[in-house]
Amino acid sequence: MEVNRPLDVVEYIPGGSVVTTTLDKVLAWGRESSLWYMLFGLACCAIEMMAAGAARYDLDRFGMIFRATPRQSDLMIVAGTVTKKMAPRVKRLYDQMSEPKYVISMGGCANSGGPFADGYAVLKGVDEIIPVDVYIPGCPPRPEALIEACLELRKKIREENK
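Conventions and cut-offs
Residues numbered from 1 in each chain as written. Predicted model: local features only at pLDDT ≥ 70, side-chain atom pairs only at ≥ 80, totals over all residues. Heavy atoms only, no water. Phe/Tyr/Trp six-rings, centres within 6.5 Å; stacked < 30°, edge-to-face > 60°. Lys NZ or Arg CZ within 6 Å of the ring centre and 35° of its normal. Helix = DSSP H or I, 4+ residues; strand = E, 2+ residues; numbered from the N terminus. Buried < 20%, exposed > 50% of the residue type's maximum accessible area, 1.4 Å probe, protein only. Lys, Arg positive; Asp, Glu negative; His and termini not counted. Salt bridge = Lys/Arg side-chain N within 4 Å of Asp/Glu carboxyl O. Polar contact = N/O pair within 3.5 Å; in protein donor to acceptor, adjacent residues only side chain to side chain. Core = buried A, V, L, I, M, F, W, Y, C linked by side-chain atoms within 4.5 Å. Contact = heavy atoms within 4.5 Å. Pairing = 2+ DSSP bridges. Axes fitted to C-alpha atoms, helices over the stretch in contact; angles between N-to-C directions. Arc of directions from axis to C-beta. Right-handed = clockwise from strand over helix to strand, strands pointing away.

Student: Account for the packing of aromatic side chains, naming residues and giving values.
Tutor: The full count for this structure, using the stated rule, is 1 aromatic pair. Over the ring of Tyr94 we find Lys101, and its NZ or CZ is 4.3 Å from the ring centre.

Student: I'd like a rundown of the side chain of Asp74, residues and numbers included.
Tutor: Within the secondary structure, Asp74 sits in the loop between strand E4 (65–67) and strand E5 (75–79). Despite its burial, Asp74 remains without a salt bridge, the nearest opposite charge being carried by Arg31 at 6.6 Å. Of the polar contacts made by the side chain of Asp74, one reaches the backbone nitrogen of Trp36; its length is 2.8 Å.

Student: Provide a residue-level description of the pattern of salt bridges, including the pertinent values.
Tutor: Applying the stated criterion to the full structure yields 6 salt bridges. A salt bridge links Lys91 to Asp95; the nearest nitrogen and oxygen atoms lie 3.4 Å apart. Highlighted residues: Lys91 and Asp95, both in helix H3 (residues 87–96), separated by 4 residues, approximately one helical turn. Taking relative accessible area as the criterion, Lys91 reaches 32% and is therefore assigned partly exposed.

Student: Just give me the short version of the nonpolar core, but keep the residues and values in it.
Tutor: The biggest cluster of nonpolar side chains holds 23 residues, and the ones touching the most others in it are Leu59, Ile104 and Leu146. Secondary-structure elements contributing two or more residues to this core are helix H2 (45–53), E5, strand E6 (102–106), strand E7 (134–136) and helix H5 (143–160). Ranked by residue count, the leading element in this core is H5, at 6 residues. Setting aside anything within four residues of it in sequence, one finds Ile104 in contact with Leu75, Met76, Ile77, Val78, Val134, Ile136, Leu146, Ala149, Cys150 and Leu153. The next biggest cluster of nonpolar side chains, apart from the first, holds 15 residues, and it includes Val90, Leu123, Val126 and Val132.

Student: Lay out the sheet that holds E4 in plain terms, naming residues and giving numbers.
Tutor: Spatial ordering of the open sheet is given by E4-E3-E5-E6-E7, a layout of 5 strands whose pairing is parallel. Two strands in the sheet have a free side with no partner beyond their single neighbour: E4 and E7. For this sheet, the mean inter-axis angle between neighbouring strands, taken without regard to orientation, is 30°. Pairing of E6 with E7 involves 3 bridges; the strand directions are parallel. By the bridge assignment, Ile104 is partnered in E7 with Val134. Where H2 meets the sheet, it contacts strand E3 (36–38), E5 and E6, and its direction lies at approximately 135° from that of E5.

Student: Can you lay out helix H1 (residues 23–33) for me, pointing to particular residues and giving the numbers?
Tutor: Those residues of H1 that sit buried are Ala28, Glu32 and Ser33. Axial view of H1: buried residues confined to an arc of 120°, hence all on one face.

Student: Go over the pairing of E5 with me, naming the residues and quoting the values.
Tutor: For a regular strand, side-chain orientation follows a simple rule: the groups alternate between the two sheet faces. The buried fraction of E5 amounts to 5 of the 5 residues, a majority that puts the element mostly inside the structure. Judged from the 2 bridges that link them, E3 and E5 form a sheet pairing that is parallel. Bridged to Tyr37 within E5 is Leu75. By the bridge criterion, 5 bridges tie E5 to E6 in an arrangement that is parallel. When the sheet's bridge partners are listed, Met76 is paired in E6 with Val103. For the segment spanning E5, H3 and E6, crossover handedness is right-handed.

Below, the structure written as structure tokens:
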């Protein structure tokens with residue numbers, strides 16, 4: 001009988017009810033399975049981020065809960081245009097997040113400035129001030145794209161702990 005192995009966290013001993021694993025695997029599984037993202041919407045992409053957290057797409061089913069404070073968040077989703085006036089605040093919020101911390105850049109404006117890239121007041125991508133783990137293209141990207149990015153981030157977290 002084949003036993004379903006959740007994320008290769010544990011080893012099952014056939015014919016028994018004993019489970020063995022390492023503490024590192026349990027912590028990595030917990031970190032990957034409970035990403036708490038910070039409420040941080042800057043422009044129109046924030047509407048799509050809110051839709052992904054709402055009932056129709058339901059990020060809660062992945063263990064993702066929004067938090068309004070950086071000290072309780074381990075994922076920052078930068079959704080929208082980052083202006084040079086807003087950049088120091090984005091950096092400050094990122095610095096206040098506890099380790100390990102991850103960043104998803106959502107939409108063309110957050111990735112590269114989008115249609116406003118030629119403007120003097122717009123940052124040419126949020127990766128100029130903070131490191132980005134996953135980029136989501138589009139203007140605005142659909143909630144499904146955000147869910148896919150979250151699943152990619154979970155894979156990345158899983159791989160970094162092997």
